Amino acid sequence: MSSPRKLSYSLAINEALCQMMELDPDVFLIGQGVKSPWYVGNTARGLLERFGESRVIDTPVSENGITGAAVGSAIAGMKPVLVHPRMDFMLYAMDPIINEAANWFYMNGGRTSVPIVFWGIINRGGEQAAQHSQALHAMFAHIPGLKVVMPSTPYDAKGLMVAAIRDDNPVVYIDDRWLYSFEDHVPEEIYEVPIGKATMRSRGSDVTVVASSYMAYLSEKAASTMAEKGVYAEVIDLRTIKPLDQELVLASVKKTGRLVVADGGWKSFGIAAEVEALVSEGAFSCMKSSPVRVALPDVPAPASTSLENAYYPTENDIINAVLHVI
Amino acid sequence: MRIRVFEESLVGPILSGEIRTPCHLYSGQEAVAVGFCAALSRYDYIFGNHRSHGHFLAKGGSLKDMAAEIYCRESGCSRGRGGSMHLTDPEVGMLGSAPIVAGTISLAVGAALAALIRGDGRVAVSFFGEGAAGEGVLYESLNFAALKKLPIIFACENNLYATHMPIRECRVDQPIRKVAEAFGISNYEVEGNDVLQVYDACRNAVENCRGRGGPVFLEFMTYRYRGHVGPDDNIQGLHTDIRPKEELEQWLAKDPIKKLESYLMEHRLMDEQEIQSIKEEVGKEISDAVKYAKTSPRPKPEELTNYVFA
Ligand SMILES: Cc1ncc(C[n+]2csc(CCOP(=O)(O)OP(=O)(O)O)c2C)c(N)n1
């Protein structure tokens, strides 16, 4: 699969969009700032020039109405990719996402699906404070009818975007600006990373570390630091938050008997809690110690750098959690 | 004048990275906040948006507290938790500012509702940009305010751009204030770079509200001299400021501060010397505030969970 060509995370998204739009005239990109790198980095580079204003639509500041319109176009058979350049702005659009799109297929007896990608960008740090920093993936994962993916690598960024666009149902695609400059091998051809499948980022028998998105990157880093000291962590990158790849998580925990879950959302009622619940229901008897969550404290995002540094989990926090469970 | 000098004093530190919190500078729009707040009493309420340094100062918020907040210090008006986009001083009626576009419009409606229920004669003001006219909550707020005859003034600062989007790409060519008409709300266009006209318009609107005449919508025509965020989007490497140079120059010629200065001198209300001495005073006040901010400590990491009740 691997090709020698390297691409950044953000350009991997760009390539997925470009190739899918090329392939399928029903695919279009809509959202605030698709014309502006200030909003979406270089993920939309060249798309407007190539596909024109009818398929690359920058919008007024109207999250609720525009999201509803995108959902409606999907009900009418289009395949919109709707970008919210900050997840925080998506809160204005919760009604069309949840009440309408997520429920539509079910409440209409499976007669019409809603093939839409809700793409929300986490844009945090830089003293931007509470309304410009939030990671809200757990909220969406709570809702029946929504799939939620969170790629951590350029390879997955492209493959999951392709899979999300091809999916017949609403997929919430969440990325993190902190990943945008990461580079890795990305095949030039179109390929999918299957939704619902996690992957192993490093093998080990001492402890299982489950993570996603930027936390998966930190976990992998933590694992190699720990390996130098003789502690071997098995890092599972969820890639898809919902549906959760239960099999891979349980298989690993059954082997290691120890669990750390690292998540970029808040600690309470979040992904980390869900993974721990899964493990306590499915592998309780294999556990050698209590699991530990590494996540955001239950506090809104602060502005001041001194607080931001204490707020966002680091590689060290993961290492300390691992040392605690082994 | 304090607002302009303060905003411009931020340019260096933002470019050097000394200030990290995103600052949406108010330079160019000062006459709106100043003229408006002069028509309000200390007890009236205002809510701001992401570009609210000017609203905060004009309402009587402490310059030192704001400077410290922009430097994200414990001594800041929001104790370093909010930064530039979350300014508050409830004691002078500045109930808060927040960057979710249009997010505070309905909150201002709520403050007006509180004033109506209590019958205390207060007026609430919602400051928002023309970009906020894209959000549905504006229309819901207008309807409710009209229905209940709430003492609120909708203050739309139309600076012609919402981030990278010129207004003509956001809405059909109609004065924004016309949206109020659909709800039976009286509405006026105001020359936003003329502080005296702003004051007159706002005084009338405030009187109308206090006399239980219901809401008023004011659209202020103005222009920001700086980039959307920070001093200059283009210099900062974002290359998103697409405004033509000539347009900026036209508006620079209508500089609200210069306009007031020439009015004062023409009518012999002040001479050049007096204006100069005000400038010096302001400069001194600002350098003191910045010194205070820079020497204040940052919040302590162990106090991360303060002010969270759940
Ligand atoms: C709900 C929401 N959507 C998008 C944004 C991004 N954003 C920040 S400022 C802004 C435009 C603001 O334009 P306007 O309201 O006219 O105020 P101005 O910046 O011109 O003063 C946008 C869209 C946001 N902060 N909140």
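Residues numbered from 1 in each chain as written. Chains lettered and ligands numbered in written order. Predicted model: local features only at pLDDT ≥ 70, side-chain atom pairs only at ≥ 80, totals over all residues. Heavy atoms only, no water.

Asks: Residues and numbers for the site of the ligand, please.
Replies: Neighbouring the ligand are 22 residues, the closest being Gln32 and Glu63 of chain A together with Arg51, Pro99 and Gly131 of chain B. At the ligand, the nearby residues belong to more than one chain, namely chains A and B. Between Arg51 of chain B and the ligand, the recorded distance is 2.7 Å, taken from a side-chain N or O atom to an oxygen atom. Within the backbone of Val101 of chain B, an N or O atom sits 3.0 Å from a nitrogen atom of the ligand. Coverage of the ligand by the protein chains reaches 98% of its 570 Å² of free accessible surface. (Near = heavy atom within 4 Å. Polar contact = N/O pair within 3.5 Å; in protein donor to acceptor, adjacent residues only side chain to side chain. Areas by Shrake-Rupley, 256 points an atom, 1.4 Å probe, with all protein chains shown as cover.)

Asks: Please give an account of the environment of Met85 of chain B that cites residues and values.
Replies: Looking at the secondary structure, you find Met85 of chain B in the loop between helix H4 (63-70) and strand S2 (94-97). According to the relative accessible area criterion, Met85 of chain B is buried, its value standing at 2%. Separated by 13 residues in sequence, Met85 of chain B and Ala98 of chain B place their C-alpha atoms 5.6 Å apart. Met85 of chain B has contacts with Gln128 and His132 of chain A together with Pro22, His24, Asn49, His50, Ser97, Ala98 and Pro99 of chain B, leaving out every residue within four places of it along the chain. (Helix = DSSP H or I, 4+ residues; strand = E, 2+ residues; numbered from the N terminus. Buried < 20%, exposed > 50% of the residue type's maximum accessible area, 1.4 Å probe, protein only. Contact = heavy atoms within 4.5 Å.)

Asks: Help me get a handle on the packing of helix H9 (residues 246-256) of chain A against helix H10 (residues 271-282) of chain A, residues and values and all.
Replies: Residue and element names in this part refer to chain A. Remark: H9 packs on H10, axes separated minimally by 10 Å, with the N-to-C direction vectors making an angle of 65°. Considering only the axes of H9 and H10, their crossing is right-handed. Residues Gln246, Val249, Leu250, Val253 and Lys254 of H9 pack against Val275, Leu278, Val279 and Gly282 of H10. Partitioning the contact of H9 with H10 into residue classes produces 6 nonpolar, 2 polar and 1 charged. (Axes fitted to C-alpha atoms, helices over the stretch in contact; angles between N-to-C directions. Left-handed = near helix turned anticlockwise from the far one by under 90°. Nonpolar A, V, L, I, M, F, W, Y, C, P; charged D, E, K, R; others polar.)

Asks: Tell me about the sheet that holds strand S11 (residues 233-237) of chain A, and please be specific about residues and values.
Replies: Residues and elements named next belong to chain A. Sheet architecture is open: 5 strands sit in the order S9-S11-S10-S13-S14, paired in mixed fashion. Since the sheet does not close on itself, it has two edges, and those belong to strand S9 (199-202) and strand S14 (292-296), each with one partner. Strand-to-strand twist in this sheet, taken as the mean axis angle between neighbours without regard to direction, amounts to 25°. Here helix H8 (residues 213-228) sits on the sheet in contact with S9, strand S10 (207-211), S11, strand S13 (259-266) and S14, set at roughly 165° to S11. (Pairing = 2+ DSSP bridges.)

Asks: Residues and numbers for helix H6 (residues 136-147) of chain B, please.
Replies: All names here are of chain B. In a regular helix each residue adds 1.5 Å, so 12 residues correspond to 16 Å; H6 covers 17 Å between its end C-alpha atoms and thus fits that length. By the burial criterion, the buried members of H6 are Val137, Leu138, Ser141, Leu142 and Ala145. Projected down its long axis, H6 shows its buried positions confined to an angular sector of 140°, all on one face. In this structure, H6 carries Glu140 and Leu147 as exposed residues pointing more than 90 degrees from its buried face. Turning to H6, the residues buried within the fold contact helix H5 (105-118), strand S3 (124-129), strand S4 (152-158), helix H7 (178-181) and strand S8 (216-221). At the C-terminal side of H6, Lys149 shows a positive phi close to 50°. (Expected span 1.5 Å × (residues − 1). Arc of directions from axis to C-beta.)

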